[in-house]
Amino acid sequence: MTKPALLSTGPMMPLITDQIEAAFEVHWMHKAGDVKAMISEVGPRIEAVCTGSHTGVKTDAALLAKLPRLKIISNFGVGYDTIDVPAAVKQGVIISNTPDVLNEEVADTALGLLLSTVRELSKAETYLRAGRWPVEGDYRLTPASLRDRKVGMMGLGRIGKAITRRLEAFGLPISYYSRSKQAGVSYPHYADLTALARDVDTLIAILPGGPATQNIVNAEVLKALGPRGIFINMARGSIVDEAALIAALKNRTILSAGLDVFQNEPKINPEFLTLDNVTLLPHVGSASIFTRDQMGQLVVDNLILYRDRKPPVTPVPDTPFKGW
Ligand code: 8YV
């Protein structure tokens, strides 16, 4: 039996690589000397794409146009903002992602980043490691505490809810911003992000990236958040006007920020590194072996199900499965 042709937009973890190599004829973009020539040669035969935001490659309309037999794009990650969804829909391509298996891990990381930012835990450890404790005395009392804070969630999807379960255990009042009010949710709802920012002092972002949320955290929102304000981003760098955020941190328009995601990862804006009121993580929200293995297996399962002409396990809502 000939193996169907698959294009991978970049390297994948061994768990994925081993299984897709066994089931497909895999063409790796990062191994191709001349990507354009490789795509022109194999593009007409490609039936499946394996991708993820870590590859840095966009599955855009131009690439999709070169893959006329494409049936499935299996995305590593719950967020699939590097894929041109309308173009995939137009071409009748199913997109699958890796939801649910990462909810609790990302929520754990969000709380870690929140605590580290509020109580300056990374800075306090750096202080100790630099030998400053015995010389200069105790690390400073932190200006911020969770004890007197109100949280505004930006996005209340499955990961958002895993975060709010934790925030409730911490005893924190919660409100949320989303386009429409969710049935069965009792937290105050805001359809206006600036109004939410005005009423809380801590914003936690966990909503999808892409055109609909591009730069929604802008100078106006940060000003509304105010000088006690803390902004935590577990979503995508694209949701923030980074120049406005850097200015707000520099001018102390807000107190501080905790960021797991950035525009132009991994080459983040170097200005962030010069600021002392921002906690920076290298996009590690879901990054444990335990959780990444489960995400990787979902990537493979969706691809193998396509090969066997069975329904995918996690198609995204934009491309419901109607048959191959
Ligand atoms: C991954 C993520 O780091 O699931 C997501 O959307 O951002 C992360 O879990 C990323 O997708 C790796 O490509």
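Structure first, text after, so check above.
This report concerns the structure included in the present document. (Residues numbered from 1 in each chain as written. Predicted model: local features only at pLDDT ≥ 70, side-chain atom pairs only at ≥ 80, totals over all residues. Heavy atoms only, no water.)

**Focus on the overall build of the protein chain**
And step 1. Across its full length, the protein chain holds 12 helices and 12 strands.
And step 2. Computed over its C-alpha atoms, the radius of gyration of the protein chain comes to 22 Å, within 12% of the 20 Å expected for a compact globule of 324 residues.
And step 3. Structurally, the protein chain occupies a C-alpha span of about 70 × 50 × 30 Å along its principal axes.
And step 4. Counting the 324 residues in the protein chain, one finds 50% classified as buried.
And step 5. Relative to all contacts within the protein chain whose residues are 6 or more apart in sequence, the contacts with residues 24 or more apart total 60%.
And step 6. With an accessible surface of roughly 15500 Å², the protein chain has 56% of that area assigned to carbon and sulfur atoms. (Helix = DSSP H or I, 4+ residues; strand = E, 2+ residues; numbered from the N terminus. Rg over C-alpha atoms; globule rule 2.2 N^0.38 Å. Buried < 20%, exposed > 50% of the residue type's maximum accessible area, 1.4 Å probe, protein only. Contact = heavy atoms within 4.5 Å. Areas by Shrake-Rupley, 256 points an atom, 1.4 Å probe, with all protein chains shown as cover.)

**Some details on the site of the ligand**
And step 1. Near the ligand lie 13 residues; those nearest to it are Val78, Arg236, His283, Ser286 and Arg292.
And step 2. In this structure, phenylalanine 76 approaches the ligand through a main-chain N or O atom, which is 3.2 Å from an oxygen atom.
And step 3. In the environment of the ligand, an oxygen atom lies 2.8 Å from a nitrogen or oxygen atom belonging to the backbone of valine 78.
And step 4. For the ligand, whose free accessible area comes to 330 Å², the fraction covered by protein is 93%.
And step 5. For the shell around the ligand, the per-class residue count stands at four nonpolar, seven polar and two charged. (Near = heavy atom within 4 Å. Polar contact = N/O pair within 3.5 Å; in protein donor to acceptor, adjacent residues only side chain to side chain. Nonpolar A, V, L, I, M, F, W, Y, C, P; charged D, E, K, R; others polar.)

**Describing the environment of leucine 102**
And step 1. Within the fold, leucine 102 resides in the loop between strand S5 (94-96) and helix H5 (103-119).
And step 2. Under the relative-accessibility criterion, leucine 102 is labelled buried at 4%.
And step 3. With 117 residues separating them along the chain, leucine 102 and alanine 219 place their C-alpha atoms 31 Å apart.
And step 4. Leave out the neighbours within four places in its chain, and leucine 102 touches Val78, Ile159, Ser286, Thr291 and Met295.

Functional significance is not addressed by these values, which are geometric in nature.
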